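# Tertiary structure, described
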Amino acid sequence: MRIIGRRIAKTVRENKLIERKDKIAVAISGGKDSCLLLHWLAKRHKNIIAIHVYRGDAFAVKSLKACEEMCEEADVKLHVASFSKELDITFLDVVNITKKTGANRCSVCGVFRRRVLDLAAKKLGCNKLATGHNLADEAQTYLMNFIRNDMAGFGHLGPISLPKRKGFVQRIKPLRDVPEEDIKRYVDL
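Just so we're clear, the structure is a prediction, and the values are computed from it rather than from any experiment. (Residues numbered from 1 in each chain as written. Predicted model: local features only at pLDDT ≥ 70, side-chain atom pairs only at ≥ 80, totals over all residues. Heavy atoms only, no water.)

In the sheet, strand S2 (residues 48-54) pairs with strand S3 (residues 78-82) via five bridges, with the strands oriented parallel. Opposite His 52, over in S3, you have Val 80 as the bridge partner. Between the parallel pair S2 and S3, the chain is carried across by helix H3 (residues 58-74), and the sense of this crossover is right-handed. (Pairing = 2+ DSSP bridges. Helix = DSSP H or I, 4+ residues; strand = E, 2+ residues; numbered from the N terminus. Right-handed = clockwise from strand over helix to strand, strands pointing away.)

This is the structure we're talking about:
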């Protein structure tokens, strides 16, 4: 599975995603993508901290436990952020918003989650926020933006968020060239 590590390293190197002075927040959910990302970064960059967004629903307890185990194994400090701590709302508020508006719950939750990650990364003094978006995620986002004719959405594609937006932590996607199936095999091994 060395090919996956080389593919990630190539993405990082060719796109200049990481510099020695960077303090990197790693967004982790407890899933396979964030597990690979956390372990890969922990072996190569010493100034990282993991951030998990705790939603407070029934599934959140399992996710948090998985994140704690991943961080302990990778010897990385875990910071737990939440909708309530960062935004003064609850996951139930998100559910109610989607019920009232008819909006897609995953889309609304995703917007809040990204904001919570950004606020937490800033509080921790990080200048980069690494997310576990893989090749399938990038392709899906591209197609959704194309179908919706969402030109602004294309700005979220690519290995690094450009241009740097004032007040936001720059996002990097080291796994964006790695197929999801390869990530699953790697984590299973």
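Locating Asp 93 in the fold gives a position in helix H5 (residues 91-101). C-alpha of Asp 93 to C-alpha of Phe 83: the two residues are ten residues apart in sequence and 9.6 Å apart in space. One polar contact links the side chain of Asp 93 to the main-chain amide nitrogen of Thr 90, over a distance of 2.8 Å. (Polar contact = N/O pair within 3.5 Å; in protein donor to acceptor, adjacent residues only side chain to side chain.)

Here we come to H5. All of the buried residues in H5 are Phe 91, Val 94, Val 95 and Thr 98. Buried positions in H5, seen along its axis, are confined to an arc of 100° and lie on one side of it. More than 90 degrees from the buried face of H5, the exposed residues found are Leu 92, Lys 100 and Thr 101. Among the structural elements, helix H4 (83-87) and helix H6 (105-123) are those in contact with the buried residues of H5. Gly 102 lies just past H5 and shows a positive phi near 80°. (Buried < 20%, exposed > 50% of the residue type's maximum accessible area, 1.4 Å probe, protein only. Arc of directions from axis to C-beta. Contact = heavy atoms within 4.5 Å.)

Another point: the sheet that holds strand S1 (residues 24-27). Read from one edge to the other, the open sheet built from five strands follows the order S3-S2-S1-S4-S5, with strand pairing classed as parallel. The open sheet has two edge strands with one neighbour each: S3 and strand S5 (170-172). For this sheet the average axis-to-axis angle between neighbouring strands, irrespective of direction, equals 30°. Running over the sheet, helix H2 (residues 32-44) touches S1, S2 and strand S4 (128-130) and is turned about 155° from S1. (Axes fitted to C-alpha atoms, helices over the stretch in contact; angles between N-to-C directions.)

With that out of the way, let us pick up H2. Along an α-helix, a turn takes 3.6 residues, which lines up residues three or four apart on a common side. Helix length check: H2 (13 residues) gives 19 Å between terminal C-alpha atoms against 18 Å at 1.5 Å per residue, within 8%. Summarising burial for H2: ten of the 13 residues are buried, a large majority. (Expected span 1.5 Å × (residues − 1).)

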